[in-house]
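So you can see what is in the structure, the chains are spelled out below.
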Amino acid sequence: MKDWKEKIQNAQSLDEIERIRIELFGKKGYFAKEFERLKTLPKDQKPVVAKELNSAKNTLFQALQQKKEELLAKEIQRKLQSEKIDVSLYSVSGYKGAVHPVQHTMDKIIEYFTALNYAVEAGPLVEEDFYNFEALNLPKHHPARDMQDTFYFQDGKLLRTHTSPVQIRTMLSHQPPIRMISPGAVFRRDFDLTHTPMFHQVEGLVVDEAGKVSFANLKFVLEDFLKYMFGDVNIRFRPSFFPFTEPSAEVDISCIFCEGEGCRVCSYTGWLEVLGCGMVDPNVFDAVGYKDVSGYAFGLGVERFAMLLHRIGDLRSLFEGDLRLLEQFR
Ligand code: DAH
């Protein structure tokens, strides 16, 4: 008994503990043999010896268990020491990560507008019909809802199809003047060369007292912004329609690939469409209870900007995580 205890105490490794465990408690181990021997003892001695054996068994089992835990803890400590990674060390491989082109483009857009004191607002990706459609002058059964193929949940919630609902959330939680952008992911049931089910937009909204915000203000800011992003391009505003703006416009830049000559990228028009905008529709102000205000809004697709800025041909390549593409942005 004392010998066994010492043996356990002196064990140096988990392997050794395991060997002792088998020697003691294995099928052919010490206790198996002792209990076998018990059978041969005279009847009156059996209970006494059995009791001793059981008590010794318990004691040794506990000692073994304790030693095992001790060695296990030591082992973990040793591993933690030897496998420690110093993340502050320079890598000998020289391999560096990079900001993804979509994030990089988003950062550049945010940089422009925050410099003009626009706040950056966020909204939920799982959105309610009211914010995504209803309050944006897209009532149920409005044909314009067909413009967006929506992912719906069973409870009637949906994945937001654009960042415009953040306009509504911002107006409901703030009082004018408002000057904000909202970057983020949006979702549509679409998948081909130029559509992915998830992509990113940046929304913009400016609201102030009636008469203080004009289409001329909108035009000035967007022209300046597009020159910041794309350099010295020509810019044109085309009349368009969005339910949440009136009047509405789509904005084109002269093709940065052919400089307006006409090429495959611009479908030989010399122009590239880059964003939608307009004066906030009075129905939208009604939906949030704003009175005597004026405002403009705009929305753009970040991937489209990234593809133009970096001359990327296939939208899907932005989401495949292929290092051969990403490494070019280091
Ligand atoms: N929400 C529109 C879309 O997803 C983009 C847009 C157009 C946003 C015009 C606006 C706007 O704020 O004024 O296609």
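Worth saying up front: this structure is predicted, and the values here are computed from it rather than measured.

Undergrad: Please explain the nonpolar core as it appears in this structure.
TA: What tends to happen in soluble globular proteins is that the nonpolar side chains get buried as a cluster. Ranked by internal contacts, the top residues of the largest apolar core, which has 44 residues, are Phe225, Leu226, Phe230, Leu275 and Phe305. Of all the secondary structure elements, the ones that give two or more residues to this core are α5 (101-115), β5 (198-209), α8 (215-230), β6 (235-242), β7 (245-254), β8 (271-280), β9 (293-301) and α10 (302-310). With seven residues, α8 is the largest single contributor of residues to this core. Here phenylalanine 225 is in contact with Ile109, Tyr112, Phe113, Leu275, Leu300 and Phe305, once residues within four sequence places are set aside. One finds Ala135, Leu158, Val166 and Val280 within the second-largest nonpolar core, a separate group that totals 22 residues.

Undergrad: Whenever I open this one, the sheet that holds strand β4 (residues 178-187) confuses me. Can you help?
TA: Sheet strands pair by backbone hydrogen bonding; their relative direction is either parallel or antiparallel. Strand order in this open sheet of seven strands is β1-β4-β5-β9-β8-β7-β6, and the pairing throughout is mixed. The open sheet is flanked by β1 (119-120) and β6, the only strands paired with a single partner. In the sheet, β4 pairs with β5 via 10 bridges, with the strands oriented antiparallel. Directly across from methionine 180, in β5, lies its bridge partner leucine 205. Strands β1, β4, β5 and β9 of the sheet are contacted by α5, whose axis makes an angle of about 170° with β4. Here α8 sits on the sheet in contact with β6, β7, β8 and β9, set at roughly 150° to β8.

Undergrad: Quick question: what am I supposed to make of the side chain of threonine 163 here?
TA: Tracing the backbone shows threonine 163 in the loop between β3 (158-159) and α7 (165-173). A relative accessible area of 0% places threonine 163 in the buried class. Reaching out from threonine 163, the side chain makes a polar contact with the side chain of glutamate 203 at a distance of 2.8 Å. If sequence neighbours within four positions are ignored, threonine 163 has contacts with Ser182, Gly184, Val186, Gln201, Val202 and Glu203.

Undergrad: What should I look at first to understand helix α2 (residues 14-25) in this one?
TA: Along an α-helix, residues three or four positions apart point the same way, because every turn accommodates 3.6 residues. End to end, α2 covers 16 Å across 12 residues, agreeing with the expected 16 Å (1.5 Å per residue, within 8%). Every buried residue of α2 is accounted for by Ile17, Ile20 and Leu24. Taken around the axis of α2, the buried residues stretch over an arc of 65°, which confines them to a single face. Counted as exposed and oriented over 90 degrees from the buried face of α2: Asp15 and Arg19. Among the structural elements, α1 (2-10), α3 (30-38) and α4 (46-82) are those in contact with the buried residues of α2.

So, how was this worked out
- Residues numbered from 1 in each chain as written.
- Predicted model: local features only at pLDDT ≥ 70, side-chain atom pairs only at ≥ 80, totals over all residues.
- Heavy atoms only, no water.
- Core = buried A, V, L, I, M, F, W, Y, C linked by side-chain atoms within 4.5 Å.
- Buried < 20%, exposed > 50% of the residue type's maximum accessible area, 1.4 Å probe, protein only.
- Helix = DSSP H or I, 4+ residues; strand = E, 2+ residues; numbered from the N terminus.
- Contact = heavy atoms within 4.5 Å.
- Pairing = 2+ DSSP bridges.
- Axes fitted to C-alpha atoms, helices over the stretch in contact; angles between N-to-C directions.
- Polar contact = N/O pair within 3.5 Å; in protein donor to acceptor, adjacent residues only side chain to side chain.
- Expected span 1.5 Å × (residues − 1).
- Arc of directions from axis to C-beta.

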